[in-house]
Amino acid sequence: MKKGTKMLLGVALLSTVLFGCDKPVTSDVSSNNSQDTNEVTTEKPTSNVATSEKPTSNVATSEKPTSNVATSEKPTSNVATSEKPTSDVGGGEVIGAPEHFIPHAPGQVTYVFEAECTNLSNKQGPGYSGAAGENGMAALTDDESVGYVSYLYRSGNSVNFLIFSDREVKDAKLDLRCAGEFFNLRLSPENYAIRVDPVNDEDLRSYQDGGALGNWDEFFLNYYSPAGEGEFKGYYIDEWICKTIDINAEGSMGAVGWDTFAITTSLTLYKGVTSISFITDNSDAPLGTMAAVAPVIDNIQITTTAQLGFVDVNKNIPGYNKAPIYIK
């Protein structure tokens, strides 16, 4: 398994038009459905996924990224809760379910998790000209119908989705909805990493209290290092259903070529919280001040029988009120 930064983030990071691959699944990104619940404590998940080797890296990206965007308060969410979450497993209350949790009747459903609602604290990345950091990396399309995360054009930059599940499953389907800007884009497991990690209670403390929230990138660079107490417990998705992500965005000055790409039908969701990270894993500078090729990310979609929630939801785009999680 690769590889430059992927191996780095194994040491550490949590990590359209298709050519030569199955037709991707399409998604209606304009859905505004949402459901609300109240927040309870998080149950510590367990994992049966282990790897004996710890990734190493020859790419020096272990320094904490800095940001020129000042944020004085942690972004908050405007989605309120009103009912205790319940599970179709025994019909009881779901212990540890987060505020943004949507239960459903028995059967398989598809959840959508919005990238612009992830925690972008202590993140920074270059663009075509200049750079942006933290909630400045979240943007809207010209018609303000789609929120997304950009400025991922540097090796090691990532978007991290923290997903709560009421049970462990190993057969969830994962799709990525993304676009390109400025240049034609081809992504594969060779230059773009998708990493899945179990998350425990200590991880879910704020970084000021020794946890990961608000500083996810640096936390995983150190937490799973060879010198650390823990071993690398996650895994990389090294084969994608769509094989490659190809987007024609040559000369565009905004996000174009939106499409949904099938990644895997064997995603492991641990009982409790799972981190699914999308990580820039190359140093192929395309143009301007960009130092790597990467997509702009709208959302991920998970199809499963499990009941899911969204952990550490942030309101990064003031006035943009699309639900951070909903069922299609």
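Since the structure is predicted, the reported quantities are computational estimates derived from the model, not experimental observations.

Some words on the overall build of the chain
Here is step 1 of the chain: Tallying secondary structure elements over the chain gives 2 helices and 17 strands in all.
Here is step 2 of the chain: Residue burial in the chain is summarised as follows: out of 328 residues, 57% are buried.
Here is step 3 of the chain: Total accessible area computed for the chain in this model is approximately 13300 Å², and 47% of it derives from carbon and sulfur atoms.

Considerations on the packing of aromatic side chains
Here is step 1 of the chain: Inspection of the entire model under this criterion finds 8 aromatic pairs.
Here is step 2 of the chain: Plain terms: the ring middles of F113 and F310 are 5.3 Å apart, the flat faces sit at 90° to each other, and that makes the pair edge-to-face. Residue F113 is found in strand β2 (residues 109–114), and its partner F310 is found in strand β16 (residues 308–310); the two are separated by 197 residues along the sequence.
Here is step 3 of the chain: Taking relative accessible area as the criterion, F113 reaches 0% and is therefore assigned buried.
Here is step 4 of the chain: Look at Y153 and F183: their rings are 6.0 Å apart centre to centre, the planes differ by 65°, and that puts the pair in the edge-to-face class. With Y153 in the loop between β6 (147–149) and β7 (158–165) and F183 in the loop between β8 (169–180) and β9 (185–187), the pair connects residues that are 30 residues apart, well separated along the chain.

Structural notes on the side chain of N299
Here is step 1 of the chain: Here N299 lies in strand β15 (residues 296–304).
Here is step 2 of the chain: Residue N299 is classed as buried on the basis of its relative accessible area of 0%.
Here is step 3 of the chain: A distance of 3.2 Å separates the side chain of N299 from the side chain of D298, its partner in a polar contact.

Quick look at the pattern of salt bridges
Here is step 1 of the chain: Applying the stated rule across the entire model yields 6 salt bridges.
Here is step 2 of the chain: As a salt-bridge pair, K322 and E114 come within 3.5 Å of each other at their nearest N and O atoms. Of this pair, K322 sits in the loop between β16 and β17 (325–327) while E114 sits in strand β2; the two residues are 208 residues apart in sequence, bridging distant segments of the chain. The pair formed by K322 and E114 is uniform in burial state, with each residue classed as buried.
Here is step 3 of the chain: In this structure, D166 and R167 form a salt bridge, with 2.9 Å as the shortest nitrogen-oxygen distance.
Here is step 4 of the chain: Taking relative accessible area as the criterion, D166 reaches 10% and is therefore assigned buried.
Here is step 5 of the chain: By relative accessible area, R167 is classed as buried at 19%.

A word on the environment of R167
Here is step 1 of the chain: Note that R167 resides in the loop between β7 and β8.
Here is step 2 of the chain: At 2.9 Å, the side chain of R167 and the side chain of D166 are in polar contact.

Re the side chain of T280
Here is step 1 of the chain: Relative to the helices and strands, T280 resides in strand β14 (residues 272–280).
Here is step 2 of the chain: A relative accessible area of 1% places T280 in the buried class.
Here is step 3 of the chain: A polar contact of 2.7 Å, which involves the side chain of T280, links it to the backbone oxygen of L152.

Comments concerning unusual backbone geometry
Here is step 1 of the chain: A positive phi angle, near 65°, is found at N122, a position not held by glycine.
Here is step 2 of the chain: Summarising the element assignment, N122 is placed in the loop between β2 and β3 (124–126).
Here is step 3 of the chain: Looking at N122, the relative accessible area reads 11%, which means it is buried.
Here is step 4 of the chain: We note that F182 has phi near 80°; this positive angle belongs to a residue other than glycine.
Here is step 5 of the chain: Structurally, F182 can be placed in the loop between β8 and β9.

Here's the deal with the pairing of β14
Here is step 1 of the chain: Of all 9 residues that make up β14, 9 are buried, and the element is covered over most of its length.
Here is step 2 of the chain: In terms of strand pairing, β7 meets β14 through 8 bridges, oriented antiparallel. When the bridges of β14 are listed, L162 appears paired with S275.
Here is step 3 of the chain: Of the pairings in the sheet, the one linking strand β10 (residues 192–199) to β14 comprises 8 bridges and is antiparallel in character. Note that in β14 the partner of A193 across the bridge is I279.

Quick word on the sheet that holds β10
Across a sheet, paired strands are connected by hydrogen bonds in the backbone, their directions being either parallel or antiparallel.
Here is step 1 of the chain: Reading across the sheet, the 6 strands line up as β1-β16-β7-β14-β10-β11 and stay open at both edges, with antiparallel pairing between neighbours. For this open sheet the edge positions go to β1 (100–102) and β11 (235–236), each flanked by a neighbour on one side alone.
Here is step 2 of the chain: As paired elements, β1 and β16 share 3 bridges and run antiparallel to each other. Following the sheet pairing, I102 is matched in β16 by L308.

Let's talk about the confidence of the model for the chain
Here is step 1 of the chain: Taken over all residues, the pLDDT of the chain has a mean of 77, while the share at 70 or more is 68%.
Here is step 2 of the chain: Overall, residues 1–91 carries pLDDT values under 50, and its contacts beyond four positions in sequence, including any with other chains, amount to 287 contacts.

Observations regarding the state of the cysteines
Here is step 1 of the chain: Taken as a whole, this structure holds 0 disulfides when the rule is applied.
Here is step 2 of the chain: The closest cysteine sulfur to the non-disulfide-bonded C178 is located on C242, 8.5 Å from its own sulfur.

Remarks on the pairing of β15
Each regular strand shows side chains that alternate between the opposite faces of the sheet.
Here is step 1 of the chain: Of all the 9 residues making up β15, 9 are buried; the element is thus mostly covered by neighbouring parts of the structure.
Here is step 2 of the chain: Alignment of β2 against β15, held across 6 bridges, turns out to be antiparallel. Residue pairing across strands places T110 opposite T303, the latter belonging to β15.
Here is step 3 of the chain: As paired strands, β8 and β15 are joined by 7 bridges and run antiparallel to one another. Note on β15: the bridge partner recorded for C178 is I297.

Rules behind the numbers
- Residues numbered from 1 in each chain as written.
- Predicted model: local features only at pLDDT ≥ 70, side-chain atom pairs only at ≥ 80, totals over all residues.
- Heavy atoms only, no water.
- Helix = DSSP H or I, 4+ residues; strand = E, 2+ residues; numbered from the N terminus.
- Buried < 20%, exposed > 50% of the residue type's maximum accessible area, 1.4 Å probe, protein only.
- Areas by Shrake-Rupley, 256 points an atom, 1.4 Å probe, with all protein chains shown as cover.
- Phe/Tyr/Trp six-rings, centres within 6.5 Å; stacked < 30°, edge-to-face > 60°.
- Polar contact = N/O pair within 3.5 Å; in protein donor to acceptor, adjacent residues only side chain to side chain.
- Salt bridge = Lys/Arg side-chain N within 4 Å of Asp/Glu carboxyl O.
- Pairing = 2+ DSSP bridges.
- pLDDT = per-residue confidence, 0-100.
- Contact = heavy atoms within 4.5 Å.
- Disulfide = S-S within 2.5 Å.

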